[in-house]
Amino acid sequence: MSSLLTAVEYERTAAMLRGRRIRRVVYYPLMGGDDGCDVEEWDFGTWHQPTMGVELFTDDGACFSAVWGSSFDCYGLEVFPEPMTAHLRMIGEPGGSAAVDVTDHPR
C-alpha cells in the first residue's frame, strides 16, 4: 500500500469521527508475567501501560480502532472504522492483549 493511499484512508476515517461523541473507550494493554496473563506495567505504573491500541465507541453505535503500527507517519497511529478484533489476535489469551474498559475517567 502506498503512503498516499494510507494517508487518504486515515483522513477519511478521521473525517468519519468528526461530530461524533465518544461514549466508551476500551484499551488493549500487553499481557506478560510468568503465566502471560498479567497486564504489563511500564513507565508510570498501572495507569500507563504498553498498549496495542484503543477501541472507540460513539454515541451512534459506531466502533473505531486506533492501532499503533509502523505504516503511517512518524507516530505510527492508524485509525480504522472497525473493531479491535480486526487487528489483534489472542485478546484475553496468555501473552496476548487484555481488553480493559475505561470506566473511571471523570469525563
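1. Here we look at the overall build of the chain
Now for step 1: Looking only at helices and strands, the chain features one helix and seven strands.
Now for step 2: Counting from the amino terminus, helix and strand elements in the chain follow one another as α-β-β-β-β-β-β-β.
Now for step 3: With 107 residues in all, the chain has 28% of them scored as buried.
Now for step 4: Long-range pairs, those at least 24 residues apart, make up 51% of the contacts in the chain with a sequence separation of at least 6.
Now for step 5: Split by element, the accessible area of the chain, about 7,200 Å² in all, is 54% carbon and sulfur.

2. Things to note about the nonpolar core
Now for step 1: With seven residues, the main nonpolar core is built from Tyr27, Val54, Leu56, Ala62, Phe64, Ala66 and Val79.
Now for step 2: In this structure, Val26, Tyr28, Val67 and Met84 belong to the second largest nonpolar core, which totals five residues.

3. Overview of the pattern of salt bridges
Now for step 1: Counted under the stated rule, the structure contains three salt bridges.
Now for step 2: Across the pair Glu9 and Arg12 runs a salt bridge, and its minimum N-O distance is 2.6 Å. Of the two residues, Glu9 and Arg12 are both situated in helix 1 (residues 3-17); the distance of three residues between them amounts to about one turn of the helix.
Now for step 3: Residue classification places Glu9 among the partly exposed residues on the basis of a relative accessible area of 34%.
Now for step 4: One salt bridge in this structure joins Asp60 and Arg20, with 3.2 Å as the shortest N-O distance. Of this pair, Asp60 sits in the loop between strand 4 (51-58) and strand 5 (63-68) while Arg20 sits in the loop between helix 1 and strand 1 (22-29); the two residues are 40 residues apart in sequence, bridging distant segments of the chain.

4. Considering the environment of Val79
Now for step 1: Relative to the elements of secondary structure, Val79 occurs in strand 6 (residues 77-80).
Now for step 2: A C-alpha to C-alpha distance of 4.4 Å links Val79 and Ala66, two positions 13 residues apart in sequence.
Now for step 3: Once residues within four sequence positions are removed from consideration, Val79 is found in contact with Tyr10, Thr13, Leu17, Ser65 and Ala66.

5. Some thoughts on the environment of Val54
Now for step 1: Looking at the element boundaries, Val54 is found in strand 4.
Now for step 2: Note on Val54: relative accessible area 17%, which makes it buried.
Now for step 3: Through-space distance from the C-alpha of Val54 to that of Val67 is 6.7 Å; in sequence the pair is 13 residues apart.
Now for step 4: Those residues in contact with Val54 that lie beyond four places of it in its chain are Val25, Val26, Tyr27, Phe64, Ser65, Ala66, Trp68 and Met84.

Parameters and conventions
- Residues numbered from 1 in each chain as written.
- Predicted model: local features only at pLDDT ≥ 70, side-chain atom pairs only at ≥ 80, totals over all residues.
- Heavy atoms only, no water.
- Helix = DSSP H or I, 4+ residues; strand = E, 2+ residues; numbered from the N terminus.
- Buried < 20%, exposed > 50% of the residue type's maximum accessible area, 1.4 Å probe, protein only.
- Contact = heavy atoms within 4.5 Å.
- Areas by Shrake-Rupley, 256 points an atom, 1.4 Å probe, with all protein chains shown as cover.
- Core = buried A, V, L, I, M, F, W, Y, C linked by side-chain atoms within 4.5 Å.
- Salt bridge = Lys/Arg side-chain N within 4 Å of Asp/Glu carboxyl O.

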